[in-house]
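The lines below spell out each chain.
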2 protein chains.
Amino acid sequence: MLKISKKADYALMALQHIAAVQFGDVTPGRVVNTKEIAEEYNIPLELLAKVLQTLAKNALIESHNGPKGGYLLARRAHQITIAQILESIEGPLGITDCSHEKDGEFCMQRENCHIRTPLLKVQDSIAQLLNNMTLQDMMGGTPLITIQSPTAQGVER
Amino acid sequence: MLKISKKADYALMALQHIAAVQFGDVTPGRVVNTKEIAEEYNIPLELLAKVLQTLAKNALIESHNGPKGGYLLARRAHQITIAQILESIEGPLGITDCSHEKDGEFCMQRENCHIRTPLLKVQDSIAQLLNNMTLQDMMGGTPLITIQSPTAQGVER
DNA sequence: ATGATCTCCGATCAATAAGGTCGGACTAAG
DNA sequence: CTTAGTCCGACCTTATTGATCGGAGATCAT
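Note that the coordinates shown come from a computational prediction; the quantities given were computed from them, not determined experimentally.

With that settled, the discussion passes to the protein's contact with DNA strand D. What surrounds DNA strand D is a group of 20 residues, the closest being Lys 6 of chain A together with Asn 33, Thr 34, Gln 53 and Tyr 71 of chain B. Sugar and phosphate atoms constitute 57% of the interface atoms of DNA strand D, taking the interface as everything within 4 Å of the protein. Residue Asn 33 of chain B places a side-chain N or O atom 2.9 Å away from a phosphate oxygen belonging to DNA strand D. Mapped onto the surface near DNA strand D, the elements with two or more residues apiece are helix 1 (6-23) and helix 3 (45-57) of chain A together with helix 3 (45-57) and strand 2 (70-73) of chain B.

Here it is as structure tokens:
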């Protein structure tokens, strides 16, 4: 349950790789293309391309066309949150269907629903978790994750 | 993204309702059948039945057959965690595909995968969150219109 | 300047899982 | 024993995800 899609997985791998190349010690500032990532991680080429297109459309990376072209991070690694990446691919975070109801829309169970409020608190906790974790935290070192539990007890790491 | 299925939603509603009836003030200990829940929350009857069957198979509720039959909570509300409910319906928690790899199974990206470890930490945080929240925390009735009672607040343990 | 090549881009198709439905089996009351 | 009401298991339909194909734009070499 709560599994993220393959595409989101690929997006995380790709961004991690791009960041590693771009800010790494070997060839800093180098542009990295789709084929390189696909071969490195055994990802279907055309599918990865589609993922990167989406990321570019959401201004997480910049695309440079033509030979010697490829992708570049649009921002610094610590300014790109995991939440932004996942939401770019899979749409806004929503544990329940009624999470983002506009005015006038109701689910059929809304009137007597007792589980909406607690579930929204769970959702907020997960949102905080994903928003407080950046691409930088995925680079090399061990990240520090903090989560605010709705049961008013902090859970660490 | 990270949306739980309708069936899981229905499971939560049903269990909340059963708990409310069973430990409520009106008719404590009463057995509640599928039809009652389906009508109360506008859930497709046959689908809800399937959900309740699964919950019974996982020993979260007890099924009593025949006329005047129905379902009963197998344990106290505070001993049933949200994680147990969701996992009964949707299977074990797994953010990534490689979360529960047995020995010998590897995803194609495993060798160079830099995102596995951080993602597993995210997964652990969510697991703790869901394990620390019980069905009891969903009781206390904060539906759509009612005012929150300071004593009967939904999300404290 | 121009051709050729490499890249990104949008639309299309197949596989999988979810959502929903049907009829049968069992139990207990009358 | 009959009958009504319940749970139970297998089946079908629809939606989402995963994967694919051909075309458009841009850059470099000639």
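Moving on, we come to the protein's contact with DNA strand C. For DNA strand C, the set of nearby residues contains 22 residues, the closest of which are Asn 33, Thr 34, Gln 53 and Asn 65 of chain A together with Lys 6 of chain B. Backbone atoms, meaning sugar plus phosphate, form 60% of the atoms of DNA strand C positioned within 4 Å of the protein. Asn 33 of chain A has a polar side-chain atom sitting 2.9 Å from a phosphate oxygen of DNA strand C. A distance of 3.4 Å separates a sugar or linking oxygen of DNA strand C from a polar atom in the backbone of Gly 66 of chain A.

Our focus in this paragraph is unusual backbone geometry. For residues other than glycine, phi is negative in most cases, and the peptide bonds are mostly trans. Residues and elements named next belong to chain A. Backbone geometry places Ala 59, a non-glycine residue, at a positive phi of 65°. Looking at where Ala 59 falls in the secondary structure, it is placed in the loop between helix 3 and strand 1 (61-64). One non-glycine residue, Lys 68, lies in positive phi territory at about 65°. Tracing the backbone shows Lys 68 in the loop between strand 1 and strand 2 (70-73). For Lys 68, a relative accessible area of 83% puts it in the exposed group.

To continue, consider the environment of Asn 58 of chain A. Examined against the element boundaries, Asn 58 of chain A turns out to sit in the loop between helix 3 and strand 1. For the pair Asn 58 of chain A and Gln 84 of chain A, spaced 26 residues apart in the sequence, the C-alpha separation amounts to 9.1 Å.

Moving on to helix 2 (residues 34-41) of chain B. Residues and elements named next belong to chain B. When helix 2 is considered as a whole, its buried residues turn out to be Thr 34, Ile 37, Ala 38 and Tyr 41. Angularly, the buried residues of helix 2 cover 100° about the axis, an arc narrow enough to put them on a single face. Pointing more than 90 degrees away from the buried face of helix 2 are the exposed residues Lys 35 and Glu 39. Tucked inside the fold, the buried residues of helix 2 contact helix 1 (6-23), helix 3 and strand 2. Asn 42, located one to two residues past helix 2, shows a positive phi value of around 55°.

What follows deals with helix 5 (residues 116-131) of chain A. Compared with the 22 Å implied by 1.5 Å per residue over 16 residues, the 22 Å span of helix 5 of chain A between its first and last C-alpha is a close match. Along helix 5 of chain A, the residues classified as buried are Arg 116, Pro 118, Leu 119, Val 122, Gln 123, Ser 125, Ile 126, Ala 127, Leu 129 and Leu 130 of chain A.

Attention shifts here to the environment of Lys 50 of chain B. Within the fold, Lys 50 of chain B resides in helix 3. The sequence separation of Lys 50 of chain B and Thr 34 of chain B amounts to 16 residues, and the corresponding C-alpha distance is 9.8 Å.

Our focus in this paragraph is the packing of helix 3 of chain A against helix 4 (residues 82-90) of chain A. All names here are of chain A. Taken N-terminus to C-terminus, the directions of helix 3 and helix 4 make an angle of 115°; their axes are 9 Å apart at the nearest point. The orientation of helix 3 relative to helix 4 falls into the category roughly perpendicular. Helix-helix and strand crossings are classified by hand; for helix 3 and helix 4 the assignment is right-handed. Of the residues in helix 4, those touching helix 3 at Val 51, Thr 54 and Leu 55 are Ile 85, Ser 88 and Ile 89.

Further remarks concern the pattern of salt bridges. As enumerated under the stated definition, the model contains 6 salt bridges over all chains in all. Linking Lys 3 of chain A and Asp 97 of chain B is a salt bridge whose minimum nitrogen-to-oxygen distance equals 3.5 Å. Here the residue Lys 3 of chain A occupies a position in the segment before helix 1, and Asp 97 of chain B occupies one in the loop between helix 4 (82-90) and helix 5 (116-131), the pair thus bridging two chains. Its relative accessible area of 49% is what places Lys 3 of chain A among the partly exposed residues. Take Asp 97 of chain B: its relative accessible area is 36%, and that puts it in the partly exposed class. Several salt bridges converge on common partners, so that one network encompasses Lys 3 and Lys 6 of chain A together with Asp 97 of chain B.

This part takes up the pairing of strand 2 of chain B. Residues and elements named next belong to chain B. Sheet topology note: the strand 1 (residues 61-64)/strand 2 ladder contains 4 bridges and is antiparallel. When the bridges of strand 2 are listed, His 64 appears paired with Gly 70. Linkage of strand 1 to strand 2, two consecutive antiparallel strands, is achieved through a turn of 5 residues, within which Gly 66 is found at a positive phi near 80°.

What counts as what
Residues numbered from 1 in each chain as written. Chains lettered and ligands numbered in written order. Predicted model: local features only at pLDDT ≥ 70, side-chain atom pairs only at ≥ 80, totals over all residues. Heavy atoms only, no water. Near = heavy atom within 4 Å. Polar contact = N/O pair within 3.5 Å; in protein donor to acceptor, adjacent residues only side chain to side chain. Helix = DSSP H or I, 4+ residues; strand = E, 2+ residues; numbered from the N terminus. Buried < 20%, exposed > 50% of the residue type's maximum accessible area, 1.4 Å probe, protein only. Arc of directions from axis to C-beta. Contact = heavy atoms within 4.5 Å. Expected span 1.5 Å × (residues − 1). Axes fitted to C-alpha atoms, helices over the stretch in contact; angles between N-to-C directions. Parallel < 35°, antiparallel > 145°, perpendicular 65-115°, else oblique. Left-handed = near helix turned anticlockwise from the far one by under 90°. Salt bridge = Lys/Arg side-chain N within 4 Å of Asp/Glu carboxyl O. Pairing = 2+ DSSP bridges.

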